[in-house]
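# Close look at the chain arrangement
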Amino acid sequence: MLDDATMIFRPGTAVWVEHPDLAWAEAEVVSSPATPSSPSSVNIVLSTGVKQTLWLVGLANSPCEQAVVDGRKVLPRDTEADLGGVDDMTKLVYLHEPGVLCNLARRYTLNEIYTYTGRILIAINPFAKLPHMYDMHMMEQYRGVQFGELSPHVFAVADASYRAMVSENRSQSILVSGESGAGKTETTKLIMRYLTFVGGRATGDIRSVEQQVLESNPLLEAFGNARTVRNDNSSRFGKFVEIQFDKSGRISGAAVRTYLLERSRVVQISEAERNYHCFYQLCASGQDADKYKLAHPRNFNYLNQSHVYELEGVSEAEQYLKTRRAMDIVGICFSDQEAIFRTVAATLHLGNIDFSPGKEFDSSVIKDEKCKFHLQMAADLLMVDASLLLSTLCYRTIKTPEGNIIKAVDSSAAIIGRDTLAKTVYARLFDWLVDNINKSIGQDMESRSQIGVLDIYGFECFKYNSFEQLCINFANEKLQQHFNKHVFKMEQEEYKMEEINWSYIEFVDNQDILDLIEKNLRAHPRLEKPKLSKTDFSLSHFAGKVTYQTDLFLEKNRDYVIAEHQNLLSSSKCSFLSGLFASHQDDPSKSSYKFSSVASRFKQQLQALMETLSSTEPHYIRCIKPNSLNHPQKFENGSVLQQLRSGGVLEAIRISLAGYPTRRTYSEFINRFGLLVPEHMDERFEERSLTQRILKQQNLANFQLGRTKVFLRAGQIAVLDSRRGEILDNASRTVQGHFRTFIARKKFLSTMKASISMQIYCRGELRVISLSKKEGVQRRGIKPTPNTKSLYRCATTQ
Ligand SMILES: Nc1ncnc2c1ncn2[C@@H]1O[C@H](COP(=O)(O)OP(=O)(O)OP(=O)(O)O)[C@@H](O)[C@H]1O
């Protein structure tokens, strides 16, 4: 008897073959297994008919069209799959990597950017405006409709969470993840728009809670978003927005929590990137820019390190007005708004204060007149004493048991101090904005349930991975664990509903890597130390291996405020600014530095987030960036696959594969596989028992029969399909045989009929000619025609 693998690789079977460029390519099996000595190898031919490099068996990889490939890199392909794709991956006949990828690509071509994988929504960035997808009409359409009834959509997820919250009185969370530029922020905004649509009071008041919730977005974007090489409007912080609802399901409050703002961007930007949007907006603000002695961004060190000042299709002056309007709506008073922009302007002037070496060893002085102007401007705007600002930058106080020692610092240390001051001020400003948004919108202490929307950076793996990547990837591991637990639970729920045995499903847990990071373990199978580097280390994360460079770890982990900086800023005559630093006065630390660690703060924040999330019912949205050029209608298989892996979609599929990935209602199953038992199809069959009979007859075990569906283990559907293919092949051969016989017979009969008619005619004609000759007379009216003449010639020469 043939084994399962042989069945799948039957000659002529449609397959996917793993491919170095396309990830997976369509192919057909030519023969298999190639030799008894290598049963895992399969001879395939690519369906495209184009030569491609494949993973060959026993040969160097080279471009070819037909090849013997490793059987492990070949998977069955459904030739009957709908060209438009399916809206839920669980409907795929083959739930495997190439099946998922091909389905997404097919849908993306048709601008169907949303697809479900069970309850997970996959959203592929269209990189094109699709206004009809998000208008009022669309929101009306999704309102109150059962999840899964309409096409997949972000509104469907938002609606499902809202309805679950109202009906079950249970808090919900929507976790939006994906790599930079994948569309997380846009998706989050759409969710918030939908929730304010269903949960708003429709008062038309521009300062209503829901308007404030919505306007918090442009405000946070102005101060926390920047252009990066991957996204013109990249959020440089993580965000969890909690929208609170009252008993009647109306929005009654909201709270925003933010995570890990990228501080270094304030003072350092890479080529082709920009600083935070608010700097450029203020420079383009006209009167306000003049008031703060600002000019074109190229004049400021913190902005001119890259030469990108403008964003395509964006007017900074208009954006400035929008930010101001958002501040009004969110409830930031005019004087605070003035103080905020004064601080932003001061930061730019601060960045232009340069130093040169002083007369004394290891000392520094302000460089030139221009720098003096900027020093004065920065001091005026910060409302601090200019000489105190200068001495803060050029000197450091060292506390010793014998008393304070004031020490000059060299010019490079003064520049580092200046940048640290700018970063500290900006970070505090950002935190203030978040606090103020929260205060202004207000928390509803009476709120019974909330919907939290998490917009957080996805898994990162670059050429150079530093401390930020470790924090981000740690957060992703935490979220992945939460995700795995949830997907596992959902699987169990479906099995329970169908009353089938689920006890053996394996739970994929990543606790080991969390332990490795959290407990700082020295030896672990997931930890590697490259031989050539003393400072690097690699971690095998759930989404792949990442090598971290630790050179700047310590520095980046220090969450310090230099005491002198604090003294300076708390002495500001601007109550807004001194207020930002008020709680940090009187640092009892003996050193001039107050150390606290970014990692420990982040860990605490993450812990709080995980606690919140575990008290809610989660909904997942995985955003995918289809190509690195941000172009519409371009789908790069390799990169999408990588994101599906990092986003845990493939992990969810793996969990599903560990159980029963293929589920079919009994009637669907009989429709497809009834032909395997034609002898039973005539009777009045009972679907469930016929399904069981088919599976048993095909020697398949370990399947489960649920209440309404049959549950098959991974690979069983391929075996059934292969047998079905065989029967259909035989049947088609028989049909072809009969048809060919029929055609041949029909042809033969008609030829025979024609030749008989011809013979009759010829004989008649010949008879006429011979009679005419015999009689020696040509009867009138019976003249040999050209036809009869030639027939006669023909007949007489034969
Ligand atoms: N649903 C959508 N429809 C149209 N365009 C979209 C959609 N989602 C994203 N985009 C486009 O992609 C760009 C990047 O999206 P977004 O800023 O949401 O990415 P992100 O995942 O939040 O990135 P980052 O992590 O860098 O903040 C948007 O500015 C927008 O042009």
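Residues numbered from 1 in each chain as written. Predicted model: local features only at pLDDT ≥ 70, side-chain atom pairs only at ≥ 80, totals over all residues. Heavy atoms only, no water.

## Focus: the site of the ligand
Around the ligand, the structure places 17 residues, and the nearest of them are Ser180, Lys184, Thr185, Ser234 and Ser235. Residue Asn231 places a side-chain N or O atom 2.9 Å away from an oxygen atom belonging to the ligand. Considering the ligand on its own, with 620 Å² of exposed area, one finds that the protein chains cover 84% of that surface. For the shell around the ligand, the element with the highest residue contribution is helix 5 (residues 184-199), accounting for three residues. Here the shell around the ligand is built from residues that sort into five nonpolar, nine polar and three charged. (Near = heavy atom within 4 Å. Polar contact = N/O pair within 3.5 Å; in protein donor to acceptor, adjacent residues only side chain to side chain. Areas by Shrake-Rupley, 256 points an atom, 1.4 Å probe, with all protein chains shown as cover. Helix = DSSP H or I, 4+ residues; strand = E, 2+ residues; numbered from the N terminus. Nonpolar A, V, L, I, M, F, W, Y, C, P; charged D, E, K, R; others polar.)

## A look at the sheet that holds strand 20 (residues 527-528)
Spatial ordering of the open sheet is given by 20-21-22, a layout of three strands whose pairing is antiparallel. The open sheet has two free edges, formed respectively by strand 20 and strand 22 (544-549), since each of these has just one partner strand. Sitting on the sheet, helix 15 (residues 511-518) touches strand 20 and strand 21 (536-541), and the angle it makes with strand 21 is about 155°. (Pairing = 2+ DSSP bridges. Contact = heavy atoms within 4.5 Å. Axes fitted to C-alpha atoms, helices over the stretch in contact; angles between N-to-C directions.)

## A few points about the sheet that holds strand 28 (residues 709-712)
The three strands lie next to each other as 26-28-27, forming an open sheet whose pairing is antiparallel. This sheet does not close on itself; its edge strands, each paired only once, are strand 26 (662-665) and strand 27 (704-705). Sheet topology places strand 27 next to strand 28; two bridges connect them, and they run antiparallel. Residue pairing for strand 28: Gln704 is matched across the bridge by Phe711.

## Points about the packing of helix 12 (residues 386-394) against helix 17 (residues 563-570)
Contact pair helix 12 / helix 17: the axes reach a minimum separation of 9 Å and the direction vectors enclose 170°. If you check the angle between helix 12 and helix 17, you find them roughly antiparallel. Contact residues: Leu388, Leu389 and Thr392 in helix 12; Glu564, His565 and Leu568 in helix 17. Of the residues belonging to the contact of helix 12 with helix 17, the class tally is three nonpolar, two polar and one charged. (Parallel < 35°, antiparallel > 145°, perpendicular 65-115°, else oblique.)

## A look at the confidence of the model for the protein
Within the protein, residue pLDDT values average 86, and 88% of them lie at 70 or more. When mean pLDDT is compared element by element in the protein, helix 7 (residues 277-283) scores highest at 98, while strand 24 (residues 593-594) scores lowest at 44. With pLDDT under 50 throughout, residues 1-6 is counted as low confidence; its partners more than four residues away or in other chains account for six contacts. Segment residues 584-595 is flagged for pLDDT under 50; beyond a separation of four residues in sequence, or across chains, it makes 23 contacts in the model. (pLDDT = per-residue confidence, 0-100.)

## What about helix 4 (residues 154-168)?
Between its first and last C-alpha atoms helix 4 spans 21 Å; for 15 residues at 1.5 Å apiece the expected length is 21 Å, and the two agree. Burial runs high along helix 4: 11 of the 15 residues are buried. Residues Val154, Phe155, Ala156, Val157, Ala158, Asp159, Ala160, Ser161, Tyr162, Ala164 and Met165 constitute the buried set of helix 4. One or two steps after helix 4, the chain reaches Asn169, where phi turns positive at roughly 60°. (Expected span 1.5 Å × (residues − 1). Buried < 20%, exposed > 50% of the residue type's maximum accessible area, 1.4 Å probe, protein only.)

## A short note on the environment of Glu310
Mapped onto the elements of the fold, Glu310 is located in the loop between helix 8 (287-291) and helix 9 (316-330). In sequence terms Glu310 and Pro297 are 13 residues apart; their C-alpha atoms lie 9.6 Å from each other. The residues contacting Glu310, other than those within four sequence positions of it, are Arg274 and His296.

## Overview of the UniProt feature "binding site: ATP" (unreviewed entry) in the protein
As recorded in UniProt, the sites labelled "binding site: ATP" (unreviewed entry) are Gly178, Glu179, Ser180, Gly181, Ala182, Gly183, Lys184 and Thr185. Ser180 has contacts with Thr228, Arg230, Asn231, Ser234 and Lys625, leaving out every residue within four places of it along the chain. You can see Lys184 is positioned in helix 5. Take Lys184: its relative accessible area is 11%, and that puts it in the buried class. (UniProt positions renumbered as here; feature names shortened; annotations may be inferred.)

## Some thoughts on the packing of aromatic side chains
Taken as a whole, this structure holds 20 aromatic pairs when the rule is applied. When the centroid spacing of 5.9 Å and the interplanar angle of 45° are considered together, the rings of Tyr108 and Phe635 count as tilted. One end of the pair, Tyr108, is in helix 2 (residues 97-109); the other, Phe635, is in the loop between strand 25 (617-624) and helix 20 (637-646), and 527 residues separate them in sequence. The burial state of Tyr108 is the same as that of Phe635; both residues are buried. Seen in terms of ring centroids, Phe467 and Phe553 are 5.7 Å apart; in terms of plane orientation they differ by 75°. Their pairing is edge-to-face. On the criterion of sequence distance, the pair formed by Phe467 in helix 14 (residues 467-497) and Phe553 in helix 16 (residues 553-557) is long-range, its members being 86 residues apart. Its relative accessible area of 14% is what places Phe553 among the buried residues. Here the aromatic residues Tyr134, Phe155, Tyr194 and Phe197 are joined through ring pairs into a cluster of three or more. Over the face of the ring belonging to Trp16 we find Arg77, whose NZ or CZ atom lies 5.9 Å from the ring centre. Of note, Arg622 hangs over the ring of Phe483, and the distance from its end group to the ring centre comes to 4.4 Å. (Phe/Tyr/Trp six-rings, centres within 6.5 Å; stacked < 30°, edge-to-face > 60°. Lys NZ or Arg CZ within 6 Å of the ring centre and 35° of its normal.)

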